[in-house]
Structures are given as C-alpha cells and as structure tokens.
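Descriptive structure summary
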Amino acid sequence: MGDPDVLEMVQEEERISNREAEYIFGMNEQSLSSRETSFLISEEPAFKKDEQSKDSIFFRDGIRQIDFVLSYVDDLKKEADPKAERRKEFEQNLRKTGLELEIEDKRNSEDGKTYFVKIHAPWEVLVTYAEVLGIKMPIKESDIPLPENIPFSCMLEPLKLPKNVKHPHPEYFTAQFTRHRQELFLIEDKSSFFPSSSRNRIVYYILSRCPFGVEDGKKKFGIERLLTSNTYSSAYPLHDGQYWKPSEPPNPVNERYTLCQNWARFSYFYKEQPLDLIRDYYGEKIGMYFVFLGFYTEMLSFAAVVGLACFIYGLLSMDNNSSSTEICDPKIGGQIIMCPLCDLVCDYWRLNTTCLASKISHLFDNESTVFFAIFMGIWVTLFLEFWKQRQARMEYEWDLVDFEEEQQQLQLRPEFEAMCKHRKINAVTKEMEPYMPLYSRLPWYFLSGATVTLWMALVIACMVAVIVYRLSVFATFASFMESEASFKHVKSFLTPQITTSLSGSCLNFIVILILNFFYEKISAWITKMEIPRTYQEYESSLTLKMFLFQFVNFYSSCFYVAFFKGKFVGYPGKYTYLFNVWRSEECDPGGCLIELTTQLTIIMTGKQIFGNIKEAIYPMVLNWWRRRKARTNSEKLYSRWEQDHDLETFGSLGLFYEYLETVIQFGFVTLFVASFPLAPLLALLNNIIEIRVDAWKLTTQYRRPVAAKAHSIGVWQDILYGMAVLSVATNAFIVAFTSDIIPRLVYYYAYSKDATAPMKGYVNDSLSTFLIADFPNHTAPWEKRDFTTCRYRDYRYPPDHDQKYFHNMQYWHVLAAKMTFIIVMEHVVFLVKFLLAWMIPDVPKDVLERIKREKLMTIKILHDFELNKLKENLRANSSELAKEVLIQENKTQLAKSTV
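Residues numbered from 1 in each chain as written. Predicted model: local features only at pLDDT ≥ 70, side-chain atom pairs only at ≥ 80, totals over all residues. Heavy atoms only, no water.

By the naming in an unreviewed UniProt entry, the protein chain is Anoctamin, taken from Panthera pardus. Quoted verbatim from the Sequence similarities (unreviewed entry) field of UniProt, the annotation for the protein chain is "Belongs to the anoctamin family." (UniProt positions renumbered as here; feature names shortened; annotations may be inferred.)

And the structure:
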C-alpha cells in the first residue's frame, strides 16, 4: 500500500473505512508511475507562455482543469532550505492521494520570482472524496411544480433577474454520492459533473490533511501550517475567468462574468440577487450570508416606511406643538430665566434660546414615538420568525435538510493536534484522537477573560474621558460664545449644548474606531492561544470576544445618554460632581432624546460610511500595489493564476466580520430606535449599497474563497434573538425616562387646568424654582443680577415651601407613570412576540410537503436502482448456472456415447 503516514492520515482524520482507503491508495500506486512521468515533463521550462491563452484555467495539455493553485518564492540564499524539503515531501504526498500537479517555473512568472503549483483532481479522487464529504448530487429531475406566482407579481417584474440567471440549473432530486452507484447519478460529462465549488472544496480537504514530514518528533501536516511558516506564500482556487468579459472555448461558462453583470453592478441595486448562482460559485456558507443580508434588507423596507411616516408626522405637527410654541414665545419662554449650566463662568439664560432645539426635539419626541417603539418590538419578532422560514426554504432548495454540521468545521484544527501530547478514545467513534486536558488550557482561558474585561474597562474609561471632555469644554464654549459678538447670529441654532454634543459625539466615534482596530488584532491572537479544538470552536470563541467588545464599544455612549445623563444631576446649590471636580451634565429642557438622536446618528452613519469606503478602497489599493510591484498595470498581460495571485485574500474570517458589521447595525436599528425613527431608513440605504459593495469586492477584488457548507447563520442567530429581547426593554426605558412623552401625558390627564387647551402651561409646570440667594459662593455666577429666582428642570417644591427643594408629589406621579408604562409596554410586546412565534411555523407547510415528497422519491429511486441491480446479478448468475448445467449434461452424454 501507500506511505504509512498518508494511510494513517486517511484512517484517523477522514474516518474512512479500510476498504475505501485501500481503494484510494491501490488506485494511486497503479497510476503513480505515469503521474511521476508527467510531473517530470511539467517541470521542464521549455513551455512558452505565448502558446497558451492568458485566461486558460487548464493544464498545458488543455484538458485537465486547474482546481487549486499554490505559490512560493525560492530562498536562494539558503542552500539547505527546510522549506524546500517540506514542499518536496508535501507535493509527493499530494500525488500519493491521487492529485495531479504541474509546476510553473519562476521564469514563466511575471515577476520572475514566483513558482506556481497547479493542482488537478482527477475523476477517481473526486468520486472518492465526494463520498467521504457526503456531497449530494442529482439523480433525477424534480417533478415538484414550482410555487405559484403571488398576486400582482407582474408589478415586481422590473425587480427580477432573467430566469437563466436566477435559476441557472433545473431542480433535481439528489442523494449522497457513492462511487459504487455511479450509474444512479445523472453523469453526462465527468469533467463538468462536479461544479467548480465542489472540486475546490474537495482539493482543500485533501490539502488541509496532507502530511509534509516529522519535526521535533511530531507529525506535521496541512496547508495552513505551510502558509503560516511561509513555505508557500498562497493557496487558492481559480476564478472562472476575467470578470469583464465572457470566457472563450475551451474554457467552461464564466460564472464570474455572469455574477459581475447581474449582481456586482451598482446600477442593479433594485434587482434581486442571483442566490443560486452565488451558491454554485462561492458555496453555501457565503450564499447563506447574502440570503440573510437580502432578507434583512427586505424587512427593513417595512420598518423604514413606518419610521419615515412617524418622522413626517413630527415634521407636520411641529408648528402645532404647544411645548415648543411656549418655549419660543418671547412672552413665555423669553421671560423664564434658567439657572446656569455650569459653575462660575456660565451665566443665567432665557428659555427661548433653545427654541430651535425644542422644535427639532419634537421631530423625534412626539406621540408617534410610543407607537413606533411598540411597532419595532413586533417587527423584530416577525423578522426573526420569517427568517427561520426563509432559512428552512433555502435548506430545502440547497440540499441542506439532512445536513448536521459542516464536517470541515468539526474537524480538529492542525494547531490543536500539533500541541496535543495526549490521546484518548472518542466516546462516539471509539477511535483514538488527540486530547488536551483542561489544566493545560486554563491559564489561557484566564488570560483571555482578563484581556476582554480589561479592554471593555478601557472602553468605559474612554467614554468617561469623553464625558469629562464635554463637561470641561462646555464652560469654555459657553463663555466664548457669550463674549464673541460674531457668534450672536448663530447662537439661535448653535448653542453650547449642541456644540458640545456634536463635538463629543465625533470624538467618541474616532475613539471607537481606534479601539476597534487594536482589539481585532488582540482578540484573534488570544483566541489562537486558547488552542480551540475545532474550527467551529475557534469561530465561536472569537465571535463571543468580538461581539462583547463591540457591543460595549459602540453602544456604551448611547446607553449613557439614554439612561444616565441628566438623571443624577441634583439641583442648584446641591449639584452632583464627577470626581468632585466636574458638575454632572444636564439635559436640555426638552429632555435628552435629541442628544441621543445626535449620538446615534453620528456613530451609526459614520460607521456605515467608513465601513463601505474601507471595504471598497482597501482591497483595490492593495491590488493596485501588487500589480505595480509585478511590473504591470493590466490583467491582460499575465496568466489566470497570476491574475488571481495578485488579488486580495478573503480569508477564513472574512464572512465573520461581515456578519459582525450587520449585527452591530441591527443593534442600532432595534435597541435605540425609539429615539430615532429614521434609523431603519439609514440602515436600508446602507444595506442596498452594502450588498453591491460586497458583491463587487468578492467578484473583482478578492481571490475566490474556498467553498464551504452552512445550513444557517450559526451563532449569530442566537445573538439576534438576545438583542431582540433586550430591545424591548431599552425602548420602553427610552420612552419612559429619556423621552418627554410620559410627563406630558401625566400633565394632560392630572394637572392641566385648561379644558380647551390641555397642554397650556406645561413648560412652566415642568420647571422648578430656585432662590438665587441659596447658591453657594463657589457655584454662583460672578456678575450680580437684578432677579431673585431662576428655573431648572425638575419637580421640586419652591423655596418658600416647608420642604423646599425636595421632590413634590408630581415627581412621584410621573415616576409611577413611567414604571407603569415600562411594565405594560414590555408585557404587551412580549405577549405579542410569543403569540407570533407560536403562530408562525419554523418551516412553511409547502416546504414540509416538498421535503417529504423528495425523501419519498429518493427512497423509491434508490430502491428501484438496487432492485434492478439485484435482478441483473441474479439473471447473470442464473445464465452462468444454466451454462454449467448444460456443460455437465454434455459431458455426461459424451461419456455415455463413448461407453
């Protein structure tokens, strides 16, 4: 048989039966000599580049398709280079597994330095590993009719793609491929039976488990380890061809060009996505991400329409708002003297200076706020329930119904196996496998937890630093704008509060980006040091770290403004101080909601714009630089594998960051949406661009990722459910404590004295009175004034009352109303959520019926196939038996006649 190391690799890592292993290596030994001969021919540098098409995806013979490419640069300075030895053994072992290799000499490369190893998987390798990986292949064209068109579907015709793009292949009944039943499958052409995504997945499966030697008494294997040690500089499957033109014979259909024309164009922003084509080209894992992003964008359109309607309502009712009318009235707001907003340097001010701010606040703080908060609580439930249905439909259409988990995700990581010194019997497979005791990992778990905690504490510290900045700068802005005559024209709309809020929000956003950049590097390193057992464990660990940090990083400032700012201020003469130095921030007389809106808008919009620019510009600049270093600026001048080599790598965590970005945006849309009804609209516009940016960069700027399977969005779905539950509580608290709607309702029903104009006098009622003489010397303004009292936002007894400056009864009425609202809203929304979740099935009825029909038909087809095979065998055996009987009878007759 073949190399013992290779045989051990197959037995232990792939869990293939002994008979299958013998088949693979027996087949390889028979054909090894011919492949070694072809390899020797391949290494000869006599090949002329000009004789082959620059866009060819075949070996030099024009027949064998290139399924994977490895590249490396020889180190001429080292005579006995261990990397060369590793490469030699690795490539030799690849040939033993059945793969065919062809090497391009560095003299044929554009830079004159890089070697390229082209890999082809022949039919025998494909059928063997398709069975190992459980790949489903077509056995019969489906007879299940397509779902009927929904009413008014003709109106959606402009949004649809051509049928040959949307459904590039007919629907089939499928079964897991087995090489012993090849006649069962619809094999018209062996070279095109397995799609290119399946071919590169199979080759990568072999590459990731192929050994390359023994170092320090440990067996080393896997392409990832070779890439880490720079033995190879890159490993990637090829794109179908150039993205700007269709392929020419003999190359197969250029799906990359089709995707670029129908998906990666910004002019097609209103079109649906060619999901089946994305799945065929990039695999189910990337396909599922775009299904989720597209569905999320569709559902956002409903929330955006309702949010826009609420904003328009606020816009139309702005002039009729009694609160802002009273504030802007010179006879009411102009006569109300407000207490200073900072100690010593801040002066008294008149309420009507916040006229514009009160009008803008009404845009987001009005009667529709409560309705929209409840609506979004129901919307998020509908979104998640309908997503489960959409996911179930995709599972059926993409043959993922019986898919348990991606085998590759559950495979042991090479890094884990290399670090393991112990082995134990697997309780399920009853086979020996690497094992690392808990005490070996415990120190790294402690370090990991401490690092995450430290960085989250650093985020809080930075947020406190921004608060200190706002407190210290507010006084500067106030005194400067008061003293400068040139600012008198802009003081009506650029108040010290707004200026401080805007500058503080921008500074906070910059700090968020800086912290995020450094934490990404540290979290990836810490996760590697934990030595996770499988790829799935690695992703789950990294997801937890990154999400926890980004949750605190992006939302902490919004939580501060929503739930802490202005809540623990105290009152004039007895203010609370941060670190006994800076006086706590106060909200605007109209509440803190407008500041929360400002904070949310800057962070959300800034993150989306920065993210899209980074995703589009970063890979484009890197690719330009690589081509410049390769002494060419045009893809037309060098080979297909060199073109792809100069592209940016998508990486195994490329999709992780895409999901993380979407989930953080989901948090902005749901957690604080009561303060900003336009958040769904901004998210919708961003996602429309995001889909095309992601499509464009994947199709044109990145190497083709290795195809992988996934039947869901994984752990992100649990995170979305958690955020959906949390959003109900946050929006209820925002309406109750940040918005001014509850105090207005209490005044309307309990304290209003004018039946014809119930809200008349609300502004005056919401302000308490303070005697200027009660100011301590270290807080009172320097200049003396001729008035004796000033007003501040709170519900407290006046200075002439027995309980002066204590909370009055109206304060407790308002607080009780706020708590009642929170309890009622949460219970109503949660009740509706649970009812909707119970009423909406996880799997649609028609999908269940289709699944049952396909299972029945697949069993019937397999039964008929085995039955026919058995009949043929019996018929062949009976004919052989009849011949034997006839021969014996003839012999008997001959013997008798002789006698």
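Across all of its chains, the model carries 59 aromatic pairs by this definition. The interplanar angle of 90 degrees and the centroid separation of 5.2 Å between the aromatic rings of Y243 and W244 together place this pair among those described as edge-to-face. For W244, a relative accessible area of 34% corresponds to the partly exposed category. In this structure, R583 packs its charged tip against the face of Y575, placed 3.6 Å from the ring centre. The ring of F554 carries the charged tip of K607 above its face, separated from the ring centre by 5.4 Å. (Phe/Tyr/Trp six-rings, centres within 6.5 Å; stacked < 30°, edge-to-face > 60°. Buried < 20%, exposed > 50% of the residue type's maximum accessible area, 1.4 Å probe, protein only. Lys NZ or Arg CZ within 6 Å of the ring centre and 35° of its normal.)

A few words now on helix α23 (residues 679–701). Between the first and last C-alpha of α23 there are 30 Å, a value that for 23 residues agrees with the 33 Å anticipated at 1.5 Å per step. Burial runs high along α23: 18 of the 23 residues are buried. (Helix = DSSP H or I, 4+ residues; strand = E, 2+ residues; numbered from the N terminus. Expected span 1.5 Å × (residues − 1).)

Let's shift gears to the packing of helix α9 (residues 255–262) against helix α10 (residues 275–282). In a pair of packed helices, the angle between the axes and the distance between the axes together describe the arrangement. The N-to-C vectors of α9 and α10 enclose an angle of 145 degrees; their axes lie 11 Å apart at closest approach. Note that α9 runs across α10; the crossing there is left-handed. Taking contact as the criterion, the partners of E255, R256, T258 and L259 in α9 are, on α10, L277, I278, D280, Y281 and Y282. Of the residues assigned to the contact of α9 with α10, the class counts are five nonpolar, one polar and three charged. (Axes fitted to C-alpha atoms, helices over the stretch in contact; angles between N-to-C directions. Left-handed = near helix turned anticlockwise from the far one by under 90°. Contact = heavy atoms within 4.5 Å. Nonpolar A, V, L, I, M, F, W, Y, C, P; charged D, E, K, R; others polar.)

By size, the foremost hydrophobic cluster in this structure holds 123 residues, and its most contacted members are W379, F383 and Y555. When residues of this core are assigned to their parent elements, the largest contribution, 16 residues, is made by helix α11 (residues 284–316). Once residues within four sequence positions are removed from consideration, Y555 is found in contact with Q550, V663, I664, G667, F668, L671, F672 and M723. In terms of nonpolar packing, the next biggest core, distinct from the first, is built from 47 residues, F68, L94, I103 and Y129 among them. (Core = buried A, V, L, I, M, F, W, Y, C linked by side-chain atoms within 4.5 Å.)

To continue, consider the confidence of the model for the protein chain. The predicted structure's coordinates, where accompanied by low pLDDT, should not be read in detail. With 86% of its residues at a pLDDT of 70 or more, the protein chain has an overall mean of 82. Low confidence marks residues 1–51, where pLDDT is under 50. Its contacts with residues over four positions away, or in another chain, come to 86 contacts. This stretch, residues 632–636, has a pLDDT under 50; its non-local contacts, to residues over four places away or in other chains, come to 13 contacts. (pLDDT = per-residue confidence, 0-100.)

The next point concerns a nonpolar patch on the surface. Taken together, I609, I613, I617, M620, V621, W624 and W625 make up a surface patch of nonpolar side chains, about 680 Å² in accessible area. Structurally, I609 is set in helix α20 (residues 593–629). (Patch = residues over 30% accessible without salt bridge, like charges linked within 9 Å, V, L, I, M, F, W, Y side chains within 5 Å. Areas by Shrake-Rupley, 256 points an atom, 1.4 Å probe, with all protein chains shown as cover. Salt bridge = Lys/Arg side-chain N within 4 Å of Asp/Glu carboxyl O.)

The phi dihedral of N230 falls on the positive side, at around 65 degrees, and the residue is not glycine. Note on placement: N230 falls in the loop between α8 (223–228) and β8 (234–236). Look at N230 and you get exposed, because its relative accessible area is 53%. Unusually for a residue other than glycine, D399 sits at a positive phi of about 60 degrees. Relative to the helices and strands, D399 is located in the loop between α14 (367–397) and α15 (407–410). Residue class for D399 comes out buried when judged on its relative accessible area of 17%.

Turning our eyes to something else, we now look at the pattern of salt bridges. Counted under the stated rule, the structure contains 36 salt bridges. In this structure, R181 and E866 form a salt bridge, with 2.8 Å as the shortest nitrogen-oxygen distance. Of this pair, R181 sits in the loop between β5 (172–176) and α6 (190–193) while E866 sits in helix α28 (residues 845–898), and the two are 685 residues apart along the sequence. Under the relative-accessibility criterion, E866 is labelled partly exposed at 32%. We note a salt bridge from R796 to D794, for which the minimum N-O separation is 2.8 Å. On the basis of relative accessible area, D794 is assigned to the buried category, the value being 15%. If you follow the salt bridges from partner to partner, you end up with R60, E102, E104 and K118 in one network.

Next up on the list: the state of the cysteines. Across all of its chains, the model carries three disulfides by this definition. Across the disulfide from C328 sits C355; the S-S distance is 1.9 Å. Handedness here is read from the sign of the S-S torsion; for C328 and C355, about 100 degrees, the answer is right-handed. A residue pair is termed long-range when its members are at least 10 positions apart, and C328 in helix α12 (residues 322–328) and C355 in helix α13 (residues 355–364) qualify at 27 residues. The residue that forms a disulfide with C342 is C346, at a sulfur-sulfur distance of 1.6 Å. With the S-S dihedral at roughly 90 degrees, the linkage between C342 and C346 falls on the right-handed side. Residues C342 and C346 agree in their burial class; the two are buried. (Disulfide = S-S within 2.5 Å.)

Moving on, we get to the sheet that holds strand β3 (residues 114–120). With respect to topology, four strands assemble into an open sheet ordered β2-β3-β1-β8, the strand pairing being antiparallel. The open sheet has two edge strands with one neighbour each: β2 (100–104) and β8. Ignoring strand direction, the axes of neighbouring strands in this sheet form an average angle of 20 degrees. Pairing analysis gives six bridges linking strand β1 (residues 68–73) to β3, with the strands arranged antiparallel. Pairing of S71 across the sheet is with F116, part of β3. In this fold helix α3 (residues 82–96) packs onto β1, β2 and β3, with an angle of close to 145 degrees to the strand it touches most, β2. Contacts from helix α7 (residues 196–207) reach β1 and β3, with the element oriented near 45 degrees to β1. (Pairing = 2+ DSSP bridges.)

This part is about the packing of α11 against α23. The contact between α11 and α23 brings their axes to 7 Å, and the two run at 155 degrees. By the angle between their axes, α11 is roughly antiparallel relative to α23. In this structure, α11 meets α23 at a crossing whose hand is left-handed. The residues of α23 that touch α11, namely those facing I286, Y289, F290, L293, G294, Y296, T297, L300, S301, A303, A304 and L308, are P680, L681, A683, L684, N687, I688, E690, I691, D694, A695 and L698. When grouped by side-chain class, the residues that make up the contact of α11 with α23 number 17 nonpolar, four polar and two charged. (Parallel < 35°, antiparallel > 145°, perpendicular 65-115°, else oblique.)

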